[in-house]
Amino acid sequence: MPAKHLRALVLAAGRGERLRPLTTSLPKPLLPVAGRPLAAWTLARLRAAGVEAAALNLHHLGERIRATFGASFRGMPLVYSDERELQGTGGALPPLADFLSAADLVLVVNGDSLCRWPFEAMLAAHRRSRPAATLLVQRTVDPRAFGGGVALEGDRVVAFRKGDLTHAASGRHVVFAGAQILEPELLERLPEGPSDLITALYEPLLAAGAPLQAVETARPWHDLGTPRRYLEGVLDWTFRGSTKAFRAVNGSEIGPQARLRRTVVEAGGTVGARARLSECLVLPGGTVAEGVKLRRSIVGPGARVAPGADRDGWLFTRAAPDGETQATPIAG
């Protein structure tokens, strides 16, 4: 059975600096993923898991996030916490103490990750053993790409940092997937002001001998923190297990004789006649001209790829509302 009162915080305040210039005019939680904003996929999973209300912390272009989701998501009330200065993963919680302390359990989820979140499995595991906190870890992603990952002993997290002796002695290292369940009383341990959950909460709990439980998943999980990871994550999310050659979201336009393979064209995106796109993403307002050839590339909002272009691994963005399209190699 779901907790009687289950509330959540989606961490959505980041600047998205490694994703720029994509995030210059679009906050990371609103990046399109197969026809929906990134954060909408997480909010849908939270609602399905029985969350009665959710909060989002806001900073970079926060007004656009608020305008997109409004006061509720499919009947689940939403509240917002505006951060004039970034408060970090730990500092985001104290301003929401009244909202979160009314819950029996609190879910905290990174807003820049894409996953079919196994919240129900996390909740069931947490209720069985009632640890201080339960963290989701992904067991198939290479931890070397994420600072060495977290160290496990059985189903317990024992260290978070690569230089820690306990971390080095552990036989298993996995990637923390950015979702956690907290007992509400833990909020009182967090200081006012900027902090992160690992240094302000989890490491002191480990030092005090409190158990931190790990729930492992093999479900695909993507940190969309760079243009390359964003492209790879969207394509994997859209085409894993699918036989479709491409995905054209309602409201997009595909010209005659265009050929698309493992490509997503979002609503408002346009692909011209006889264009050839392979493993590409065309975002709302992006235009690919007639006869263009693109591979492993992103066409950002308002950007236009001119006729004759033949590119592999490029990011096209519009410099300003009335500016010209800029092309840069995809990073990350």
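A quick note: this is a predicted structure, and the numbers were derived from the prediction, not measured. (Residues numbered from 1 in each chain as written. Predicted model: local features only at pLDDT ≥ 70, side-chain atom pairs only at ≥ 80, totals over all residues. Heavy atoms only, no water.)

(A) Quick peek at the overall build of the protein. Secondary structure summary: the protein contains eight helices and 28 strands in total. At 21 Å, the protein has a C-alpha radius of gyration in line with the 20 Å of a compact globule built from 332 residues. With respect to the three principal axes, the spread of C-alpha positions in the protein is 65 × 45 × 35 Å. Burial analysis of the protein (332 residues in total) assigns 52% to the buried set. Restricting the contact set of the protein to residue pairs at least 6 apart, pairs at least 24 apart contribute 57%. For the protein, the exposed surface amounts to about 14,500 Å²; the carbon and sulfur share of it is 49%. Positive and negative side-chain charges of the protein, numbering 41 and 32 respectively, have mean locations separated by a distance of 8 Å. (Helix = DSSP H or I, 4+ residues; strand = E, 2+ residues; numbered from the N terminus. Rg over C-alpha atoms; globule rule 2.2 N^0.38 Å. Buried < 20%, exposed > 50% of the residue type's maximum accessible area, 1.4 Å probe, protein only. Contact = heavy atoms within 4.5 Å. Areas by Shrake-Rupley, 256 points an atom, 1.4 Å probe, with all protein chains shown as cover. Lys, Arg positive; Asp, Glu negative; His and termini not counted. Charge placed at Lys NZ, Arg CZ, Asp CG, Glu CD.)

(B) Representation of the nonpolar core within the structure. Membership of the largest hydrophobic core comes to 59 residues, with the highest contact counts inside it found for Val-33, Phe-69 and Tyr-230. Broken down by element, this core gets its largest block of residues, seven residues, from helix α1 (residues 38-48). Setting aside its immediate chain neighbours within four residues, Phe-69 contacts Leu-30, Pro-37, Ala-39, Ala-40, Leu-43, Leu-78 and Tyr-80. One finds Ala-133, Phe-160, Leu-205 and Leu-212 within the second-largest nonpolar core, a separate group that totals 32 residues. (Core = buried A, V, L, I, M, F, W, Y, C linked by side-chain atoms within 4.5 Å.)

(C) Geometry of the pattern of salt bridges. If you walk through the whole model with that rule in mind, you get 15 salt bridges. Of the charged contacts in the structure, one is a salt bridge between Glu-52 and Arg-7, with a shortest N-O distance of 2.8 Å. Of this pair, Glu-52 sits in the loop between α1 and β4 (53-58) while Arg-7 sits in strand β1 (residues 6-11), placing them 45 residues apart in sequence. Here Asp-82 makes a salt bridge to Arg-66, at a shortest N to O gap of 2.5 Å. Placement of Asp-82 in strand β6 (residues 76-82) and of Arg-66 in helix α2 (residues 62-69) is noted, with a sequence separation of 16 residues between them. Residue Asp-82 is classed as exposed on the basis of its relative accessible area, which comes to 54%. Where salt bridges share partners, they join Arg-295, Arg-296, Asp-310 and Asp-312 into one cluster. (Salt bridge = Lys/Arg side-chain N within 4 Å of Asp/Glu carboxyl O.)

(D) Local environment of the pairing of strand β27 (residues 314-318). Relative to β27, strand β24 (residues 298-299) runs parallel, the two being bridged by two bridges. For Val-299, the partnering residue across the bridge sits in β27 and is Phe-316. As paired elements, β27 and strand β28 (residues 325-329) share five bridges and run antiparallel to each other. Across the sheet, the residue bridging to Trp-314 is Pro-329, located in β28. (Pairing = 2+ DSSP bridges.)

(E) Representation of α1 within the structure. Among the 11 residues in α1, nine count as buried, and that is most of the element. Along α1, the residues classified as buried are Leu-38, Ala-39, Ala-40, Trp-41, Thr-42, Leu-43, Ala-44, Arg-45 and Leu-46.

(F) Spatial organisation of α2. Here α2 has its buried residues at Gly-62, Ile-65 and Phe-69. Looking straight down α2, one finds that the buried residues subtend no more than 60° of arc, so they occupy a single side. With respect to the buried face of α2, the exposed residues turned more than 90 degrees away are Glu-63 and Ala-67. Where α2 is buried, its residues contact β3 (36-37), α1, β4, β5 (72-73) and β6. (Arc of directions from axis to C-beta.)

(G) Focus on the packing of aromatic side chains. One pass over the full model with this rule turns up four aromatic pairs. Look at Trp-41 and Trp-237: their rings are 5.1 Å apart centre to centre, the planes differ by 70°, and that puts the pair in the edge-to-face class. With Trp-41 in helix α1 and Trp-237 in helix α8 (residues 227-239), this residue pair connects regions lying 196 residues apart in the sequence. Residues Phe-69 and Phe-73 carry aromatic rings whose centres are separated by 6.3 Å and whose planes lie at 65° to one another, so their mutual orientation is edge-to-face. Both residues of the pair, Phe-69 and Phe-73, belong to the buried class. Between the NZ or CZ atom of Arg-36 and the centre of the ring of Trp-41, over which it lies, the distance is 4.2 Å. The cationic tip of Arg-116 hangs over the ring face of Trp-237; the distance from NZ or CZ to the ring centre is 3.8 Å. (Phe/Tyr/Trp six-rings, centres within 6.5 Å; stacked < 30°, edge-to-face > 60°. Lys NZ or Arg CZ within 6 Å of the ring centre and 35° of its normal.)

(H) Molecular detail of the pairing of β4. Most of β4 is tucked away, with six of its six residues classed as buried. Here β1 runs beside β4; their pairing, made up of five bridges, is parallel. When the bridges of β4 are listed, Leu-9 appears paired with Ala-55.

(I) Region of the structure containing the sheet that holds β28. A sheet is described by the order of its strands in space; here six strands give the open sequence β15-β18-β21-β24-β27-β28, paired in mixed fashion. Of all strands in the sheet, those with a lone pairing partner are β15 (246-248) and β28, marking the two edges. In the packing of α8 onto the sheet, the strands contacted are β15, β18 (263-265), β21 (281-282), β24 and β27, and the crossing angle to β18 comes to about 95°. (Axes fitted to C-alpha atoms, helices over the stretch in contact; angles between N-to-C directions.)

(J) Local environment of the environment of Arg-15. Here Arg-15 shows up in the loop between β1 and β2 (32-33). Taking the relative accessible area as the measure of exposure, Arg-15 reaches 35% and is therefore partly exposed. Taking the C-alpha atoms as reference, Arg-15 lies 12 Å from Asn-57; in sequence the two are 42 residues apart. Not counting chain neighbours up to four residues away, the residues in contact with Arg-15 comprise Arg-20, Thr-23, His-59, His-60 and Leu-86.

Shape is all these values report; function is a separate question.
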